[in-house]
2 protein chains.
Amino acid sequence: MAVVKNREYPEHCSLEEALEILLAEFASREPKIKKVRPSEALGLILAEDTASCRNVPHYTASAVDGYAVTASSTSGATPATPVTLTSSEYLWVNTGMPVMEADSVVMVEDTSLETSNGGERLKIFRSATQGENVRAVGEDVMNGQLLACRGDRVTPALVSLLLCAGVKSVPVFARPRTIFIPTGNEIVDEETWLSDGNIPPGLVVDSNSAYAASLFADWGYELDVSRILPDEPELISEAVSKAVGEYDLVIVSAGSAKGLRDHSAGIFESLGKMSFRYVRMKPGRPAMAANIGGVPVICSPGFPMSCAVTLWSLVYPLIRTMSGERVECRDAGYISEAIGSREILKAGLLANHSSPAGVMEWLRVKCAEVEGRKFCWRLSAGASVLWALAEADGIAMLPESGLEIPKGSEITVLLTKRVNLSRRLLFQGSDDPAVNMLVSFVKRAGMELAIRAVGSMGGLAALSRGDAHFAAAHLLDIRDGTYNTSYIEQFSGGRHWRRKLIFHREQGIIASGGNPKNIRGFEDIASGRLTFENRQPGAGTRVLLDYMLKSSGLNAADVVGYDRISITHMEAANKVASGVADATLGIKAAADALGLDFIPVAKEPYELVFSERFEEHPAAPALLEAIESGEWKSAVTRMGGYILPGEATEF
Amino acid sequence: MAVVKNREYPEHCSLEEALEILLAEFASREPKIKKVRPSEALGLILAEDTASCRNVPHYTASAVDGYAVTASSTSGATPATPVTLTSSEYLWVNTGMPVMEADSVVMVEDTSLETSNGGERLKIFRSATQGENVRAVGEDVMNGQLLACRGDRVTPALVSLLLCAGVKSVPVFARPRTIFIPTGNEIVDEETWLSDGNIPPGLVVDSNSAYAASLFADWGYELDVSRILPDEPELISEAVSKAVGEYDLVIVSAGSAKGLRDHSAGIFESLGKMSFRYVRMKPGRPAMAANIGGVPVICSPGFPMSCAVTLWSLVYPLIRTMSGERVECRDAGYISEAIGSREILKAGLLANHSSPAGVMEWLRVKCAEVEGRKFCWRLSAGASVLWALAEADGIAMLPESGLEIPKGSEITVLLTKRVNLSRRLLFQGSDDPAVNMLVSFVKRAGMELAIRAVGSMGGLAALSRGDAHFAAAHLLDIRDGTYNTSYIEQFSGGRHWRRKLIFHREQGIIASGGNPKNIRGFEDIASGRLTFENRQPGAGTRVLLDYMLKSSGLNAADVVGYDRISITHMEAANKVASGVADATLGIKAAADALGLDFIPVAKEPYELVFSERFEEHPAAPALLEAIESGEWKSAVTRMGGYILPGEATEF
């Protein structure tokens, strides 16, 4: 879908096309060459074929510990018919010692030294052939022999070989110098962000600079980071102009505002020549590049994930090319290197996935294995979401062709962490901070716990399908006010699922800090004087609200805002924090996170539900011990809003 | 085969056992903890669970570019039935901007702005639901939410996340400090080796220090290297004593002399407690470790390859453990990391291999693919041979069980280089420096050439079996004095193998520098006044000698030393250089490497022989162009001893 708008450069390219353009534009410029000592050349690319300056070994050396002899003097020697030599006919040599007069060496194991009246004599039990156990001069490397070619990377082994071969210095390609220019009115620098406890709404930290600098460090490259520039074309233009005079590669991190993205193209066009704009990938679409004064300038989109994929898939191969390597556009191996992936995993998608047509999609995924089936699921679609990239086990790249990808379809994951799926439990259920803490406890026992937040019903359904090792339930059956049992029976369908109550979780009315409207219970909620924020149909909290209203003889119709819907605890609590609503129902952790008041009204039994074969899993003991451990229980108690089994509950 | 010699520590352990001992001994000692800024924590291991200090986002933010509205005001809007809002009912927001009064954001793509007499108005073509396109406070990360666990590695993504989450410093495990102590009377330091043009026989450069330092640098660890210590137990003991007081890990590089290996054990036993001695691996058998003052001390064998495997398989997992990571002894993934391998390749052995029983064998291999079959072959068995490690494509570890492993058996190669087998040609044939130079030319064209030196007959046989893409021949048929044709016909068995003469190679009499015995031709060789060094039966050079003696009417029996045998050009030339023989027959490159005189006596046509499908190979054009290129031809001519096609030949 190339849309040319009175310009002469490609737009909406595929990633491969964009990379081809970059490499074609900049690969031919030969990097600077510097001559360095071999040890300083580590990791760099040789600029010339390099030959040995010496013969290695430079003398005739023994290859074993033994006795240097003339082979013919040992003729006929066998264990049954040993040959005896006088002391002038042999000479002890250690491995590596010079062999001067003799032409072979007998291994000490094939000899026996005797001392007698006449002096010392050597008994030999195996005849030697000429040249046996002797390393000739130049046997390893000949003087003038080609050691490595232009374009080869200097590895530790090559450093060592070059040294032995007497090479004092080698010409290598210098690494390019890069500057990263963060721009935008909405970003603040690291210092400000960390020191100021009250950053105004609308301002976020410049995380892209920190990410890029860390990535470059992992790649073994230096990166200079400029101060943040405001969203002003003249300032940015001036900075880019200056940068191309001092650096080999310039990366401008665009602000997130749509306005600025238009600025960048204009700036680049006025300073040089655009290479491409827009890449058919998601995230990362707004990526663009230009040739300004012969220097590549890449404009990386502002969203963290968009910036990340631009660095991996465009900047990294370019910087390797600019370091003197030959990079093939179709070689996805470079992306693996860029993200630090050493291993791939093929796993089935745990849910249907709609991939946009005509666009290559990047997914951050987590993986698990249940009953021998390897799964993966996506973590968040948002390009601004940072935890997803840190939490992910790896990255998957879905091709442009993919549209509706059904659950179970196998995709290839470039793993960015060492994962041991056989030691990993998969929990599917409702998101709870106390349960999240179990991840750490399980890890300490050398096992792993992955959590997929799909809600209680979703978790039990997953368990039923064999898509999880365990789930959780805190579901109220409004017919009789009991919890969990009817649901578990329904989903287990007769299978023996073990249940374990791990705590009672408090649900409460969440009100503004200080409870200015003096809310004490559901009578206030249904009084008409407050605005309530409800949860979506199906949410446990909504079910609880209905039940509690009914049991209190109150009418849902009297609750102002009953039809207002939030999808998560935090979203609902946010409505109270922002003043849009006066109250909602939710868990204490949400109230605490936003500094709101919490009036407990119910405690719900939170039970873990284990698949019938759970205990066979290698990590099962670790999990079961964790939920019994004093340390976890203390941590949960400290959070507040939880009542552990055995503790008194008052209300 | 545990042999206990009045000692209480294990000997002759398997690699796995040795590593288990090391980890059990030293893993429980917790590394020092330091608090650093997230960006300084990159690559280090978290010492504590780390939680968010903030809500992210910290304000309600728009997730798109568009207009913030109250969802209910857009009710019923569709493209056919748009809803129009007055300017007080909407507010433009860029992605990331705060959403204050409104509860949702309509994407700009779903709107149209109109200006009319009454002012500006917004037409909306799609109704919004509450909370749509709005990111709630803490939607990404909640204040107090667990971000990463103790034991997690700090990645670029985590650095970025920690920064966003307001984390100013994190406790991480400090990396251990290591010292490498080279010892031995036979090694000299880098400076001496490089500056002195005449190192005496018996002395070699301390290459292990350079290798270890480079390896540690690649691993991201610092390594101090001490000065070389002579083979004196008291000095070494003193140095080790001092080192364990200043470092967390001490590596002593043993001399190659058998004597010293015994010293090390004695030194360790007197200073501390031995952990193990001798590992059932080859190379690397003499590796040993001890606990001296609570500090791990590893004695690495002196041979370069033995030192290398000790660093990869024992030091690396230990140093990762000492950095706070959990290392599993059975996890060969650590060896992959240690050698920088990102990919494995399964390939069939190109030749039978005898692997010693009861010992895990390390192989340095090179790989190729012919007609869809992936091969690998070992490069050198010598533990002192450095070029083999630099030249190798990867490392294979043959298990203890393997004895006679037949050709074709599949082994797993941990690739240490990026190889593109589909672009690689495999040449099997006689080792020739001019042919070796083609490697570089082919590489410049983006292709690859691997050379396996098996001699002319071996190469044609390989070609015949389909184990190579091309071979070479410079074989004299003594029945009629012709070259190559009869052999090629014999091996090709009717298949259409293309032949190409690339040069005539001079064979000549190699004599001491200055030709003190005034050797002019074969008459002198058969005169009885000289000692000759012959080649092995089957060698082309030996065949040539016989033919030339016969055609000159001379008698092999008159050649003193006719029965003396050397296996390669260099070995034979070495005999002349060392004075053991007065003359031999060989190529000019061998004479030049040793500064010997060369009296040409014959020129042999050196032809490349291509398999019938050679031209289909992607790298074929690159090779064919290389052998026609002026640059290669000039380089060959400069070497001397070669006559290119078309050049006049005088003798």
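Our subject is the structure that appears above.
All of these numbers come straight from a predicted model, not from anything done at the bench.

Chemist: Help me understand the interface of chain B and chain A in this model?
Modeler: Think of interface size as the accessible area that goes away when the parts come together; that is how it is often given. The interface of chain B with chain A comprises 103 residues on the first partner and 102 residues on the second. Interface area lost by chain B to chain A is led by B:Leu163, B:Arg342 and B:Arg418, which between them contribute 9%. Linking chain B with chain A are 10 salt bridges. For A:Glu190, the salt bridge goes to B:Arg37, with nearest N and O atoms at 3.0 Å. If you tally residues by element for the side of chain B that touches chain A, the top one is helix H2 (residues 156-164) of chain B, at eight residues. Along the lines of polarity and charge, the residues of the side of chain B that touches chain A split into 47 nonpolar, 27 polar and 29 charged.

Chemist: Could you clarify how one ought to interpret the packing of aromatic side chains in this entry?
Modeler: Geometry of an aromatic ring pair is reported as the spacing of the ring centres plus the angle between the planes. One pass over the full model with this rule turns up 26 aromatic pairs over all chains. Judged by centre distance (6.5 Å) and plane angle (50°), the rings of B:Tyr316 and B:Tyr334 are tilted. One end of the pair, B:Tyr316, is in helix H7 (residues 304-321); the other, B:Tyr334, is in helix H8 (residues 333-339), with 18 residues separating them in the sequence. Side by side, B:Tyr316 and B:Tyr334 carry an identical accessibility label, which is buried. A ring pair is formed by B:Phe470 and B:Phe614, whose centres lie 5.6 Å apart and whose planes are at 70°; its orientation type is edge-to-face. Here the residue B:Phe470 occupies a position in strand E33 (residues 470-473), and B:Phe614 occupies one in the loop between strand E40 (597-610) and helix H17 (620-628), the gap between them amounting to 144 residues. Take B:Phe470: its relative accessible area is 1%, and that puts it in the buried class. Each residue in the set A:Phe216, A:Trp219, A:Tyr316 and A:Tyr334 is aromatic and connected to the rest through ring pairs, giving one cluster. Taking the ring centre of B:Trp193 as reference, the NZ or CZ of A:Arg54 above it sits at 4.8 Å. Lying across the ring of B:Tyr334, A:Arg418 places its NZ or CZ 4.0 Å from the centre.

Chemist: Would you mind showing me how to read the pattern of salt bridges here?
Modeler: Two side chains with opposite charge may pair up if their charged atoms get near one another. Counted according to the given criterion, the structure contains 86 salt bridges over all chains. With a closest N to O distance of 2.3 Å, B:Arg418 and A:Glu337 form a salt bridge. Taken together, the residues B:Arg418 in the loop between strand E30 (410-415) and strand E31 (424-429) and A:Glu337 in helix H8 (residues 333-339) connect one chain to another. Linking A:Glu607 and A:Arg499 is a salt bridge whose minimum nitrogen-to-oxygen distance equals 2.9 Å. Here A:Glu607, found in strand E40 (residues 597-610), pairs with A:Arg499, found in strand E36 (residues 498-511); they are 108 residues apart in sequence, far enough to count as distant. Residue A:Arg499 is classed as partly exposed on the basis of its relative accessible area, which comes to 33%. Taken together, the shared-partner salt bridges connect A:Arg153, A:Arg320, A:Glu325, A:Glu337 and B:Arg418 into one network.

Chemist: Help me out: how do you make sense of the sheet that holds strand E6 (residues 66-69) of chain A in this one?
Modeler: Residue and element names in this part refer to chain A. Sheet architecture is open: three strands sit in the order E8-E6-E9, paired in antiparallel fashion. Two strands in the sheet have a free side with no partner beyond their single neighbour: strand E8 (91-93) and strand E9 (104-107). Each strand axis lies, on average, 40° off the axis of its neighbour in the sheet, ignoring direction. Here E6 pairs with E8 via three bridges, running antiparallel. Within E8, the residue paired with Gly66 across the bridge is Val93.

Chemist: What am I meant to see in helix H4 (residues 207-219) of chain A here?
Modeler: In an α-helix, one turn spans 3.6 residues; hence positions three or four apart end up facing the same way. Residue and element names in this part refer to chain A. Taking 1.5 Å of rise per residue, 13 residues should cover 18 Å, and H4 covers 18 Å from first to last C-alpha, within 8% of that figure. Of all 13 residues making up H4, 10 are buried, and the element is well covered by its neighbours. When H4 is considered as a whole, its buried residues turn out to be Ser207, Asn208, Ser209, Ala210, Tyr211, Ala212, Ser214, Leu215, Phe216 and Trp219. Positive backbone phi, at 85°, marks Gly220, one or two positions downstream of H4.

Chemist: I tried to follow the relation of the copies chain B and chain A on my own but got confused; where do I start?
Modeler: Superposition of the two copies of the chain requires a rotation about an axis and a shift along the axis. Under the fitted operation, chain B is carried onto chain A by 0.0 Å of movement along the axis and a turn of 180°, and the coordinates agree to an RMSD of 0.3 Å. Taken together, the rotation and translation relating the two chain copies correspond to the operation of a two-fold axis. Of every C-alpha in chain B, the one belonging to B:Arg342 sits nearest the axis of rotation, 2.3 Å from it.

Chemist: Help me understand the packing of helix H10 (residues 433-444) of chain A against helix H18 (residues 630-639) of chain A in this model?
Modeler: Each pair of packed helices can be described by the angle between their axes along with the distance between the axes. Residue and element names in this part refer to chain A. Where H10 meets H18, the closest approach of the two axes is 10 Å, and the angle between their N-to-C directions is 155°. When the axes of H10 and H18 are compared, the pair comes out roughly antiparallel. Here H10 and H18 pass one another in a crossing that is right-handed. For the pair H10 and H18, contact is made by Pro433, Ala434, Met437, Leu438, Phe441 and Arg444 and by Glu631, Trp632, Ala635, Val636 and Met639, respectively. Along the lines of polarity and charge, the residues of the contact of H10 with H18 split into nine nonpolar, no polar and two charged.

Chemist: What is the right way to look at the environment of A:Ala41 in this model?
Modeler: Along the chain, A:Ala41 turns up in the loop between strand E2 (33-36) and strand E3 (45-46). Here the alpha-carbon distance between A:Ala41 and A:Leu158, two residues 117 residues apart in the chain, equals 9.7 Å.

Chemist: Would you mind showing me how to read the state of the cysteines here?
Modeler: When the sulfur atoms of two cysteines share a covalent bond, that bond is a disulfide. All names here are of chain A. Counted according to the given criterion, the structure contains zero disulfides over all chains. Cysteine Cys149 is unpaired, with the sulfur of Cys53 as its nearest cysteine sulfur at 16 Å. The class of Cys149 is buried, set by a relative accessible area of 4%.

Chemist: In this structure, what is going on with the sheet that holds strand E11 (residues 119-124) of chain A? I would like to understand it.
Modeler: Strand pairs in the sheet, formed through backbone hydrogen bonds, run parallel or antiparallel to each other. Residue and element names in this part refer to chain A. What the three strands build is an open sheet, ordered E7-E11-E10; its pairing is antiparallel. If you trace the sheet from one side to the other, it starts and ends with strand E7 (83-86) and strand E10 (111-116), each paired once. Looking at each pair of strands side by side, their axes are set apart by 30° on average, direction ignored. Summarising the sheet, E10 and E11 pair through six bridges and their orientation is antiparallel. Looking at the pairing, Thr115 lines up with Glu120 of E11.

Chemist: Even after reading the chapter, I still don't get the side chain of A:Asp467, so can you show me in this structure?
Modeler: Residue and element names in this part refer to chain A. Tracing the backbone shows Asp467 in the loop between helix H11 (455-465) and strand E33 (470-473). Owing to a relative accessible area of 1%, Asp467 belongs among the buried residues under this scheme. Within the structure, the side chain of Asp467 is placed 2.9 Å from the side chain of Arg373, a separation counted as a polar contact. A distance of 2.4 Å separates polar atoms of two side chains, one belonging to Asp467 and the other to Lys407. Not counting chain neighbours up to four residues away, the residues in contact with Asp467 comprise Leu350, Val370, Arg373, Phe375, Lys407, Leu426, Gln428 and Ala462.

Cut-offs applied
Residues numbered from 1 in each chain as written. Chains lettered and ligands numbered in written order. Predicted model: local features only at pLDDT ≥ 70, side-chain atom pairs only at ≥ 80, totals over all residues. Heavy atoms only, no water. Contact = heavy atoms within 4.5 Å. Buried area = accessible area lost by both parts, 1.4 Å probe. Salt bridge = Lys/Arg side-chain N within 4 Å of Asp/Glu carboxyl O. Helix = DSSP H or I, 4+ residues; strand = E, 2+ residues; numbered from the N terminus. Nonpolar A, V, L, I, M, F, W, Y, C, P; charged D, E, K, R; others polar. Phe/Tyr/Trp six-rings, centres within 6.5 Å; stacked < 30°, edge-to-face > 60°. Buried < 20%, exposed > 50% of the residue type's maximum accessible area, 1.4 Å probe, protein only. Lys NZ or Arg CZ within 6 Å of the ring centre and 35° of its normal. Pairing = 2+ DSSP bridges. Axes fitted to C-alpha atoms, helices over the stretch in contact; angles between N-to-C directions. Expected span 1.5 Å × (residues − 1). Least-squares fit on C-alpha atoms with pLDDT ≥ 70 in both. Parallel < 35°, antiparallel > 145°, perpendicular 65-115°, else oblique. Left-handed = near helix turned anticlockwise from the far one by under 90°. Disulfide = S-S within 2.5 Å. Polar contact = N/O pair within 3.5 Å; in protein donor to acceptor, adjacent residues only side chain to side chain.

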